[in-house]
Number of protein chains: 2
Amino acid sequence: MKLYTYFRSSAAYRVRIALNLKGIGYESVPVHLVKNGGEQRQQAYRAVNPSALVPSLQDGDLTLTQSLAIIEYLDETHPDVPLLPADAAGRARVRAISQMIACDIHPIDNLRVLRYLVQKLGVSEDDKNEWYRHWVREGFAGLEAHLARDKETGRYCHGETPTMADCVLVPQVFNAQRLDVDMSPYPTIARIHGACMELNAFQDAHPSKQPDAE
Amino acid sequence: MKLYTYFRSSAAYRVRIALNLKGIGYESVPVHLVKNGGEQRQQAYRAVNPSALVPSLQDGDLTLTQSLAIIEYLDETHPDVPLLPADAAGRARVRAISQMIACDIHPIDNLRVLRYLVQKLGVSEDDKNEWYRHWVREGFAGLEAHLARDKETGRYCHGETPTMADCVLVPQVFNAQRLDVDMSPYPTIARIHGACMELNAFQDAHPSKQPDAE
């Protein structure tokens, strides 16, 4: 398999964790989101993914896009080390937790959105960073309440083994920490993040460990 | 089943279409996103969904959140009229198309984000509307290219029957039209939207047909 990735992309980071948890070897193809006006916007990468976003995953002739769709595909085609629970209610919960981050936090704080704020709307660096933290706080407050009240929450987001939800949570916490978000109102999120980071699969997927890290 | 909904929420609209396609009866519980400072932010609704977003779906004792997770749950528990293909590659494609909209367009143009632009950052009405259209155009350009190049695209986003991807596409086109986005660069999206809107399941889920429509 070939993963089009950028070391600091949190969507790519999610897929790297899933690949590592499943023990699937892959080739990294770095796509630099900043250099050369963004390599993801150039024709060579658009031929892979016309949406001009990372990650994409090539598995033989098949090109897959969208991190959560990729993780579910990996889970269906490599069912050892499952990343989704066996029951419909559990799967719905893991998908919902994943989407609380992948739909409700990350897209609003994505690089291209922050650039639009600064370049098109003239937003200051301080206001841009406050925007970033605002959407993390909004999303984490809801997620913390969900995790804290549900008896299904265990050592990880759902039970005692990592799921897709943890693959999504860890990169978002990494981003929150980079932007100095105070994590003290989110003790359950912080605890789960800590449990994940004890595992090699999560450590090895970290941005600083990637071949294209700067 | 009980659906917490708002007539104009496109995430709720997606779930209404899925329920209708499957012929599942449900009770609508309106949550007004504008009145009273937003009923979704009040304690009564936060007890249902601490993320303070619609939709939520109650099925017996189970409360489900996040529109795509809800649709997959409905598909697993009511497998007649499937909304996801039978093969892993097809499912990955339908999920990816759904996420191209649900992750990469809709969250950035959501009501709470537009409000932040105006109320916190002092963005003008014109610039706010251009922001809206910009993210629709970015997302639709990629989606159009995906749909136009893939042989799996049929009368609908994936083949000859509606899938989850169509449940997500139609509300986004509705929003694009409300904001006067020129649809001529997206002929495949427009064609599929037209095919969907011939079906009762899509017509009956339309915002103007809801009990809380204004």
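Residues numbered from 1 in each chain as written. Chains lettered and ligands numbered in written order. Predicted model: local features only at pLDDT ≥ 70, side-chain atom pairs only at ≥ 80, totals over all residues.

Trainee: Whenever I open this one, the overall build of chain A confuses me. Can you help?
Mentor: Scanning chain A from N- to C-terminus turns up 9 helices and 4 strands. Counting from the amino terminus, helix and strand elements in chain A follow one another as β-α-β-α-β-β-α-α-α-α-α-α-α. On C-alpha atoms alone, chain A measures out to a radius of gyration of 17 Å, which is about the 17 Å that the 2.2 N^0.38 rule sets for 214 residues. Taking the principal axes of the C-alpha coordinates as reference, chain A spans close to 45 × 45 × 30 Å. The buried share of chain A, taken over its 214 residues, is 47%. Summarising the internal contacts of chain A: among those between residues at least 6 apart in sequence, 69% fall at separations of at least 24. (Helix = DSSP H or I, 4+ residues; strand = E, 2+ residues; numbered from the N terminus. Rg over C-alpha atoms; globule rule 2.2 N^0.38 Å. Buried ≥ 20, exposed ≤ 12 C-beta atoms within 10 Å, placed from the backbone. Contact = placed C-beta atoms within 7 Å.)

Trainee: Even after reading the chapter, I still don't get the interface of chain A and chain B, so can you show me in this structure?
Mentor: When the parts come together, some accessible area is lost, and that loss is often what is quoted as the size of the interface. Taken together, the 33 residues of chain A in the interface contact 33 residues of chain B. Of all the secondary structure elements, the ones that give two or more residues to the side of chain A that touches chain B are strand 4 (62-65), helix 3 (67-77), helix 4 (88-102) and helix 6 (125-149) of chain A. The greatest single-element share of the side of chain A that touches chain B, amounting to 8 residues, is contributed by helix 4 of chain A. Here the side of chain A that touches chain B is built from residues that sort into 21 nonpolar, 7 polar and 5 charged. (Nonpolar A, V, L, I, M, F, W, Y, C, P; charged D, E, K, R; others polar.)

Trainee: Quick question: what am I supposed to make of the nonpolar core here?
Mentor: Note that soluble globular proteins tend to have their nonpolar side chains buried in a common cluster. Grouped together as the largest cluster of nonpolar side chains are 120 residues, with contacts concentrated most on A18, I71, M164 and L169 of chain A together with A18, I71 and L169 of chain B. Contacts of L169 of chain B, omitting those with residues within four sequence positions, involve I101, C157, I189, I192 and H193 of chain B. (Core = buried A, V, L, I, M, F, W, Y, C linked by C-beta atoms within 7 Å.)

Trainee: Before we go on, may I ask you to explain the sheet that holds strand 4 (residues 62-65) of chain B in this structure?
Mentor: Strands in a sheet are paired, the pairing made by backbone hydrogen bonds, and the direction either parallel or antiparallel. Residues and elements named next belong to chain B. Taken together, the 4 strands give an open sheet; going across it, the order is 2-1-3-4, and neighbouring strands pair in mixed fashion. Lying at the two open borders of the sheet, with one neighbouring strand each, are strand 2 (27-30) and strand 4. Taking the axes of each pair of neighbouring strands and ignoring which way they run, one obtains an average angle of 20 degrees across the sheet. Where strand 3 (residues 56-59) meets strand 4, 4 bridges bridge the pair, whose relative direction is antiparallel. (Pairing = 2+ DSSP bridges. Axes fitted to C-alpha atoms, helices over the stretch in contact; angles between N-to-C directions.)

Trainee: I would appreciate a short explanation of the domain arrangement of chain A in the present structure.
Mentor: All names here are of chain A. Splitting chain A by domain gives domain 1 (2-81) and domain 2 (88-201). For domain 1 versus domain 2, the distance between C-alpha centres works out to 20 Å. If you list the elements that add at least two residues to the side of domain 1 that touches domain 2, you get helix 1 (10-22) and helix 3. The class makeup of the residues in the side of domain 1 that touches domain 2 is 7 nonpolar, 3 polar and 1 charged. (Domains from an automatic or database assignment.)

Trainee: What exactly am I supposed to notice about the relation of the copies chain A and chain B here?
Mentor: Put simply, the second copy of the chain is the first one after a rotation about an axis and a shift along it. For the match of chain A to chain B, the screw axis carries a shift of 0.0 Å, the RMSD comes to 0.0 Å, and the turn is 180 degrees. Put plainly, the chains are arranged around a two-fold axis. Distance from the rotation axis, computed per C-alpha, reaches its smallest value in chain A at C103 of chain A: 2.3 Å. Interface overlap between copies is the fraction of interface residues in one copy that are interface residues in the other; for chain A against chain B it reaches 100%, indicating a shared surface. (Least-squares fit on C-alpha atoms with pLDDT ≥ 70 in both.)

Trainee: I'm lost on the pairing of strand 3 (residues 56-59) of chain A in this one. Help?
Mentor: The side chains of a regular strand alternate between the sheet's two faces. Residue and element names in this part refer to chain A. Judged from the 3 bridges that link them, strand 1 (residues 2-5) and strand 3 form a sheet pairing that is antiparallel. Opposite Y4, over in strand 3, you have S56 as the bridge partner. Here strand 3 folds back onto strand 4, and the loop between the two strands holds 2 residues, one of which, G60, carries a positive phi near 65 degrees.

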